[in-house]
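Analysis of the macromolecular model
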Amino acid sequence: MLYIDGAWIAGADRRPVHNRWTGERIGTVAVGLTEHAVRAVDAAERAMAQGLPVPRRARVLATAARLLERRGEEFARSITAETGKPITAARGEVDRAVQTLGWAAEETRRLAGEAVPLNAIESGAGTIALTVPEARGIAAAITPFNFPLNLVLHKVAPALAAGCAVVFKPSDRAVLVAGLLVEVFAEAGLPAGWLNLVTGTPADVVEPWLDDPRVAVITFTGSSRVGWDLKARSPQKLHVLELGSNTAMVVTDNADLERAAADAMTAALANSGQACVSLQRLYVTRGVADRFLALLGDGFKTVRYGDPRDDATVVGPLITTEATAKLKSSIDATVAGGARLLAGGDVIDGVLEPTLLTDVDPGDVLVCEEAFGPVASVLVVDDLDEAIRGVNSSRYSLNSSIYTGDLGEAMGFAARAQAGSVLVNMPPSYRADHMPYGGVKDSGQGTEGVKYAIDELLHHKLVVFKP
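As a starting point, this report considers the structure included with it. (Residues numbered from 1 in each chain as written. Predicted model: local features only at pLDDT ≥ 70, side-chain atom pairs only at ≥ 80, totals over all residues. Heavy atoms only, no water.)

Focus: the overall build of the protein
In terms of regular secondary structure, the protein is built from 15 helices and 24 strands. Taking 2.2 N^0.38 as the reference for a compact globule, 467 residues should give roughly 23 Å; the C-alpha atoms of the protein span a radius of gyration of 23 Å, in line with that estimate. Seen along its three principal axes, the alpha-carbon backbone of the protein occupies a region of about 70 × 65 × 40 Å. Residue burial in the protein is summarised as follows: out of 467 residues, 55% are buried. For the protein, contacts bridging at least 24 residues in sequence account for 71% of all contacts bridging at least 6. For the protein, the distance from the average site of its 45 positive side-chain charges to the average site of its 56 negative ones is 5 Å. (Helix = DSSP H or I, 4+ residues; strand = E, 2+ residues; numbered from the N terminus. Rg over C-alpha atoms; globule rule 2.2 N^0.38 Å. Buried < 20%, exposed > 50% of the residue type's maximum accessible area, 1.4 Å probe, protein only. Contact = heavy atoms within 4.5 Å. Lys, Arg positive; Asp, Glu negative; His and termini not counted. Charge placed at Lys NZ, Arg CZ, Asp CG, Glu CD.)

So, the packing of aromatic side chains
For the coordinates displayed, the defined rule picks out 2 aromatic pairs. The positively charged end of Arg431 is found above the aromatic ring belonging to Tyr437, 3.7 Å away from the centroid. The residue whose ring lies beneath Lys451 is Tyr452, and the NZ or CZ to ring-centre distance is 4.9 Å. (Phe/Tyr/Trp six-rings, centres within 6.5 Å; stacked < 30°, edge-to-face > 60°. Lys NZ or Arg CZ within 6 Å of the ring centre and 35° of its normal.)

Structural notes on the side chain of Thr285
Examined against the element boundaries, Thr285 turns out to sit in strand S13 (residues 279-285). Discounting chain neighbours no more than four positions away, the residues touching Thr285 are Val251, Thr252, Asp253, Val381, Asp383 and Leu384.

Let's talk about the sheet that holds strand S20 (residues 399-403)
Pairing in this open sheet of 7 strands is mixed, and the strands run S14-S17-S18-S13-S12-S20-S21 from one edge to the other. Two strands bound the open sheet, and with one partner strand each, they are strand S14 (340-343) and strand S21 (421-424). Each strand of the sheet is rotated relative to its neighbour by a mean of 25°, with strand direction disregarded. Pairing of S13 with strand S18 (residues 375-381) involves 5 bridges; the strand directions are parallel. Following the sheet pairing, Leu282 is matched in S18 by Val378. Where helix H13 (residues 384-392) meets the sheet, it contacts strand S12 (247-251), S13, S18 and S20, and its direction lies at approximately 160° from that of S13. (Pairing = 2+ DSSP bridges. Axes fitted to C-alpha atoms, helices over the stretch in contact; angles between N-to-C directions.)

Description of the pairing of strand S11 (residues 238-242)
With 4 of its 5 residues buried, S11 lies for the most part within the structure. Examined bridge by bridge, strand S10 (residues 215-221) and S11 share 5 bridges and lie parallel to one another. What sits directly across from Thr219, in S11, is Val240. Between the parallel pair S10 and S11, the chain is carried across by helix H8 (residues 224-233), and the sense of this crossover is right-handed. Bridge count between S11 and strand S23 (residues 444-445): 2 bridges; the pairing is antiparallel. What sits directly across from Glu242, in S23, is Gly444. (Right-handed = clockwise from strand over helix to strand, strands pointing away.)

What about the sheet that holds strand S6 (residues 128-135)?
The antiparallel open sheet is built from 3 strands, whose spatial order is S5-S6-S24. A single partner strand is all that each edge strand has here, and the edge strands are strand S5 (115-116) and strand S24 (458-465). Pairing between S6 and S24: 8 bridges, direction antiparallel. Residue pairing for S24: Ala129 is matched across the bridge by Val464.

Quick look at the environment of Ser377
Its place among the elements puts Ser377 in strand S18. It is 20 Å that separates the C-alpha atoms of Ser377 and Arg304, two residues lying 73 residues apart in sequence. Excluding its chain neighbours within four sequence positions, the residues that come into contact with Ser377 are Gln280, Arg281, Leu282, Leu357, Val360, Leu366 and Val367.

Now the structure itself:
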């Protein structure tokens, strides 16, 4: 079913949804058409015309957080069934989503303008000036499969907090949890029209939103190719784009190697490597390379993979068999080109083993492009300068990190690394849901993280009074 203007409606057709691991049918999803996309914008326009007072926005978001927490296991199991995400990771996503809603509720209550000291110049004598935060308008949220709950809320919750009604298209690989989320908001008391769910093809659903002048904001997480195309086709709208990456980490001779290896394994393999900030490139200085490779290779070999319903599983199936085959082909080509396998490399019962490579050509696809799976490559370098050149050589720049016990090395890396975020002695996959989060270069534009996302969605109107 589609959810438009506070009601569930039938689409033009229905398609089955299957369990990613077992293949069994677990539900159906409606297929929406252009007419449904337009009706969703109509509903959002009516909702914004009626308004939603700040205290009520905050109450809805806080209530939704409590309801989501209460239904947490149901949401986690839905995520695992539909996407193959390991159940422990799915539960972790639900916990984060509850926090995201909580932060949004708190930030809603903090919405405020500021005084502008126009009287600091002669022409402003006797004036009082202030800014008033206003919603930019209807926000179109287009979301991926890999975090089908929390990434949705990083768009929907700040939009509602800012007073923007939302039209929402989830990935066609993660639709059931989107329906559950709509149920939560309806139960939390969100008025009709403020959140509208439309599933269907991008041509039928997204293109009408790109062309509709009533849609003021496009907030998108996905591939760089699609993100930049959305911007090119709707240049007058505001775009918040969280795009691709091939995250890098540096390990120097001064690092705590055991800590670095443990964190690298987590950063590379969490969510089966299907995250924008999954660790893909490791630059390790030559003096500690052998020891680090031994630690990390041994660690990769111990990681549990397989059935995502098992609490002990760390790496489950990728989102599709096609994605698995494509990444396996890339690994085989990299090895054929001279790289050395330290762990993994095979597909066992439909799951790609946690895979670690070294002696990889810096121009190889697994170094230069986003792998989006449980694979990482170690590149041995002579010194920190060479490592930084390697980090910055990518067209992507989202997160990066360095492991070192030398403050000078840490500060030098932080100053010179091209990245949206630099983490010192922390995995580059780290993200707290209230911190600013966004990339540069081909990794996107705009900033998420609840407070920062709200600000992106606000226009700060200046009002000047003169008696």
